[in-house]
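Spelled out, the chains give:
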Amino acid sequence: TIAARTPAQTEPSVGLDGFCPVSLYHGAKSTDPNRTVWTEGSPKFAVKHRGRIYLCASDAYRQEFLRAPDLYAPCLSCYDLIHYIKTQQLVDGKCEFGCFQADTGRVFLFATQEHCDEFRRNESYYSQLMQSGTEPERVASQPDGSPVR
């Protein structure tokens, strides 16, 4: 069972290096090889979710994110799942070591290429751990801090 604990931070960090999570999701699910996946987000369309700030590319994408934040935000709030399973410590994953879950388009970020490769070799096992996990209540909030759900 995976239960994420967010480390104490004074300020939430920006997830996905400022790229739009909704654009990333739609690009990963697209069959069009020319579709842009990595689209820069804008602070104007920022949203806070599970201790991270995500920058969306438009207000429409921001609203879409707020309707289903866990669908668009990287799994485990941008932390390296493999590192967490092995050590029970949260370490930020990096976009350069990220991968898409084949059947859902969900994004997983890892701190190292080795962890990314390990996830790919055992994707169904790790995905099942995430689905059966009892993560803390998932709450998204608007930039002003008001709850979405």
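Residues numbered from 1 in each chain as written. Predicted model: local features only at pLDDT ≥ 70, side-chain atom pairs only at ≥ 80, totals over all residues. Heavy atoms only, no water.

Colleague: Lay out helix α5 (residues 113-121) in plain terms, naming residues and giving numbers.
Modeller: Within α5, the full set of buried residues consists of H115, C116, E118 and F119. Projected onto a plane normal to the axis of α5, the buried residues spread over an arc of 160° and lie on a single side. Of the residues in α5, the exposed ones pointing more than 90 degrees away from the buried face are E114 and R121. (Buried < 20%, exposed > 50% of the residue type's maximum accessible area, 1.4 Å probe, protein only. Helix = DSSP H or I, 4+ residues; strand = E, 2+ residues; numbered from the N terminus. Arc of directions from axis to C-beta.)

Colleague: Explain the state of the cysteines to me, using residue names and the numbers behind them.
Modeller: Overall, the coordinates contain zero disulfides when judged by the stated rule. Considering cysteine sulfurs only, C95 is the nearest to C78, which forms no disulfide, with 7.2 Å between them. Look at C95 and you get buried, because its relative accessible area is 16%. (Disulfide = S-S within 2.5 Å.)

Colleague: Can you explain the packing of aromatic side chains? Please cite residues and give values.
Modeller: A full pass over the atoms with the stated rule returns nine aromatic pairs. Plain terms: the ring middles of F19 and W38 are 5.2 Å apart, the flat faces sit at 75° to each other, and that makes the pair edge-to-face. On the criterion of sequence distance, the pair formed by F19 in the loop between β1 (13-14) and α1 (21-29) and W38 in the loop between α1 and β2 (46-49) is long-range, its members being 19 residues apart. Note on F19: relative accessible area 24%, which makes it partly exposed. Residue classification places W38 among the partly exposed positions, given a relative accessible area of 39%. (Phe/Tyr/Trp six-rings, centres within 6.5 Å; stacked < 30°, edge-to-face > 60°.)

Colleague: Can you break down the environment of C20 residue by residue, with the values?
Modeller: Mapping C20 onto the fold places it in the loop between β1 and α1. Classification of C20 by relative accessible area gives buried; the value is 1%. Filtering out sequence-adjacent residues up to four positions away, C20 remains in contact with T39, E40, G41, L55, C56, A57 and Y61. (Contact = heavy atoms within 4.5 Å.)

Colleague: Tell me about the environment of P43, and please be specific about residues and values.
Modeller: Take P43: it is sitting in the loop between α1 and β2. Relative accessible area serves as the criterion here: at 65%, P43 is assigned to the exposed category. When the C-alpha atoms of P43 and V14 are compared, they prove to be 9.9 Å apart, with 29 residues separating the residues in sequence.

Colleague: Describe the pattern of salt bridges, naming the residues involved and giving the relevant values.
Modeller: The tally for this structure, following the rule as stated, stands at two salt bridges. Where D92 meets R52, a salt bridge forms, and the shortest distance between an N and an O atom there is 2.4 Å. Separated by 40 residues along the polypeptide, D92 in the loop between α4 (81-87) and β4 (94-100) and R52 in strand β3 (residues 52-55) bring together distant segments of the chain. In this structure, E118 and K86 form a salt bridge, with 3.0 Å as the shortest nitrogen-oxygen distance. Remark: K86 occurs in helix α4 and E118 occurs in helix α5; sequence separation between them is 32 residues. Note on K86: relative accessible area 53%, which makes it exposed. (Salt bridge = Lys/Arg side-chain N within 4 Å of Asp/Glu carboxyl O.)

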